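Coordinate inspection notes
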Amino acid sequence: MSEAIEGYRLSPLQKRHWLAWAGRGPPLVRAVVEIEGAVDRADLGRALEVLVSRRDSLRFHFVRQAGLRVPLQALGGASRLEWSLAALGEGRHRLDLSAPVLCADRRSLAVVVGELAALLAGTELEEPTSYLAFSEWALESATMRAAPVPIRLPFERPLERERVEPSELPAIDVPGAWREFAREALVPFDTLSLGLWAVLLARQTGSPAATVGEVVEGRPFPELQSAVGLFAHSREVAVDCDGRRDVAGFLGDVERSRREARDRAPVEVTPDEAGTPIHFESRAPLDPIESNGLRFTFRRLEAELEPARLGLVVSGAGELSIRFDAAALEPAYVESLGGQLLALGRGLRPGARLGDLDPLSDRERRRLVVETNRPGPGRARGRLAHELFEASAAEA
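Conventions adopted
- Residues numbered from 1 in each chain as written.
- Predicted model: local features only at pLDDT ≥ 70, side-chain atom pairs only at ≥ 80, totals over all residues.
- Heavy atoms only, no water.
- Helix = DSSP H or I, 4+ residues; strand = E, 2+ residues; numbered from the N terminus.
- Buried < 20%, exposed > 50% of the residue type's maximum accessible area, 1.4 Å probe, protein only.
- Salt bridge = Lys/Arg side-chain N within 4 Å of Asp/Glu carboxyl O.
- Pairing = 2+ DSSP bridges.
- Axes fitted to C-alpha atoms, helices over the stretch in contact; angles between N-to-C directions.
- Contact = heavy atoms within 4.5 Å.
- Core = buried A, V, L, I, M, F, W, Y, C linked by side-chain atoms within 4.5 Å.
- Expected span 1.5 Å × (residues − 1).
- Parallel < 35°, antiparallel > 145°, perpendicular 65-115°, else oblique.
- Left-handed = near helix turned anticlockwise from the far one by under 90°.
- Nonpolar A, V, L, I, M, F, W, Y, C, P; charged D, E, K, R; others polar.

1. Quick look at the overall build of the chain
- Across its full length, the chain carries 10 helices and 16 strands.
- Burial statistics for the chain: of 396 residues in total, 47% are counted as buried.

2. Focus on unusual backbone geometry
- For Phe155, which is not glycine, the phi torsion reads 70° and is therefore positive.
- Structurally, the position occupied by Phe155 is in the loop between strand 6 (143-144) and strand 7 (166-168).
- We note that Asn292 has phi near 50°; this positive angle belongs to a residue other than glycine.
- Checked against the element boundaries, Asn292 lands in the loop between strand 13 (289-291) and strand 14 (294-303).

3. Here's the deal with the pattern of salt bridges
- A complete count under the given rule lists 26 salt bridges for this structure.
- Note that Glu217 and Arg107 form a salt bridge whose closest N and O atoms lie 2.6 Å from each other. Here Arg107 lies in helix 3 (residues 106-120) and Glu217 lies in the loop between strand 9 (209-216) and strand 10 (233-240), a separation of 110 residues in the sequence.
- Classification of Glu217 by relative accessible area gives partly exposed; the value is 42%.

4. Examining the sheet that holds strand 5 (residues 92-100)
- Spatial strand order, 4-5-1-14-13: five strands in an open sheet with antiparallel pairing. Strand pairing shows two members of the sheet lacking a second neighbour, strand 4 (82-89) and strand 13, which therefore form its edges. Pairs of neighbouring strands in the sheet enclose a mean axial angle of 20°, with direction left out of account.
- Direction of pairing for strand 1 (residues 28-36) relative to strand 14: antiparallel, over a ladder of eight bridges. Each residue of the ladder has a partner; that of Val32, found in strand 14, is Arg300.
- The strands touched by helix 2 (residues 41-54) are strand 4 and strand 5; relative to strand 4, the strand with the most contacts, the crossing angle is about 155°.

5. Considerations on the nonpolar core
- Trp178, Trp197, Leu201 and Leu310 are the most contacted members of the largest nonpolar core, which has 50 residues in total.
- Among the elements of the structure, helix 5 (176-185), helix 6 (189-205), strand 9, strand 10, helix 7 (247-262), strand 15 (310-315), strand 16 (319-325) and helix 8 (331-345) are those that each provide at least two residues to this core.
- The greatest single-element share of this core, amounting to 10 residues, is contributed by helix 6.
- Apart from the residues lying within four places of it in its own chain, the contact partners of Leu310 are Leu153, Trp197, Leu201, Ile278, His279, Ile322, Arg323, Phe324, Leu329, Val334 and Leu337.
- One finds Leu51, Leu85, Ala104 and Ala110 within the second-largest nonpolar core, a separate group that totals 30 residues.

6. Focus: the pairing of strand 5
- Among the nine residues that make up strand 5, seven are buried, leaving the element largely enclosed by the rest of the structure.
- Taken together, the nine bridges between strand 1 and strand 5 define a ladder with antiparallel strand orientation. Bridge pairing in strand 5 places Val33 opposite Leu95.
- Across seven bridges, strand 4 lies against strand 5 in antiparallel orientation. When the bridges of strand 5 are listed, Gly89 appears paired with Arg92.
- Hairpin connection of strand 4 to strand 5: two residues between the antiparallel strands, including Gly91 at a positive phi of 75°.

7. Side note on helix 1 (residues 12-20)
- Taking burial as the measure, the nine residues of helix 1 include eight buried ones, the bulk of the element.
- Residues of helix 1 that are buried: Pro12, Leu13, Gln14, Arg16, His17, Trp18, Leu19 and Ala20.
- Elements in contact with the buried residues of helix 1: strand 2 (60-63), strand 3 (72-75), helix 4 (131-141), strand 10 and strand 11 (268-269).

8. Description of helix 8
- Here helix 8 contains 15 residues, and its C-alpha end-to-end distance of 22 Å stays within 8% of the 21 Å for a straight helix at 1.5 Å per residue.
- Residues Tyr333, Val334, Leu337, Gly338, Gln340, Leu341, Ala343, Leu344 and Gly345 constitute the buried set of helix 8.

9. Some remarks on the packing of helix 6 against helix 8
- Two elements in contact, helix 6 and helix 8, have axes separated by 10 Å at closest approach and are oriented at 120°. Accordingly, the angle class assigned to the pair helix 6 and helix 8 is oblique. Seen along the crossing, helix 6 lies across helix 8 with a hand that is right-handed. From helix 6, Leu196, Trp197, Val199, Leu200, Arg203 and Gln204 reach across to helix 8, where they touch Tyr333, Leu337, Gln340, Leu341, Leu344 and Gly345.
- A breakdown of the residues in the contact of helix 6 with helix 8 according to their chemical character gives eight nonpolar, three polar and one charged.

What follows is the structure, given as structure tokens:
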């Protein structure tokens, strides 16, 4: 007779991520933090133990049950927050933190670092919000949303959930003209970036519109701002990319679509079988935390959510990076998308229409128009069109 296990249902977001990763176990969210000041390893370890004891999501373990597609989550056992501390020099240390993405998201690790600084300073902390309580509320309150029609890119191989190869291209510095145009159009810089990303996707598919999954923090209530758990998810932003549209007016509509997506129901779920949209994510810079003579500076804070085929990340440092699944897309093709995105941005000017934005660089245009259409040596000279056609058919 099997032993009875007391467990809790996964939240809708946890279930979505578990199924998206096909039961292989979602990846880790990671943080690299530089600490300046005198740090005692034992004090740090004790503070982290207290922190984990306060946060139920950092003590989850997942138990599979016969007949259930997804596991239950139970409390107890070892901490799911892993950490290591390395000396960088006198008065400087590197703290590495990681946890399964079902237990914490990117914002959660920032909360963890803030609480760690407070505990080391002897500050009394407020009672935390329970992720289990949020999960039960979300299960009762979630709104079902129809799955968007997935964008199929040229040269894309069928996505195999059992085989995912997360990859990333080197970051691209954002041209200063982009930020200047965004200011003139009265929209945030990340709205301009999302708009150009959508235009590029629409051009790739020959469609007048594109739907992009924007990654949001998913914390609609004040008490969730300092919570730890999985809240981040993608929300579909539909973008009309008709080439006749004025660029400035287009960007205003993109900003409104972003706000509408964020203001929809607090918790949205799509059918379990729904595919993962092409992502867009804007990451604001995190300010250093200073407490009791210690300074905590975030050097890296990364989280892989759903296994997206393709995604554009805009950092607060003014960089663009393209992430993709190398099992579905060739790196050379994704690299060309980065070049085309920059080329689109070169067409930004007052009064421009979307149709004026050209994704081809001068080099690519010459290759396509001149070099590709240049006849082979001696092949076409003196031959009629039907003879060339017959020769091509014979070679095939």
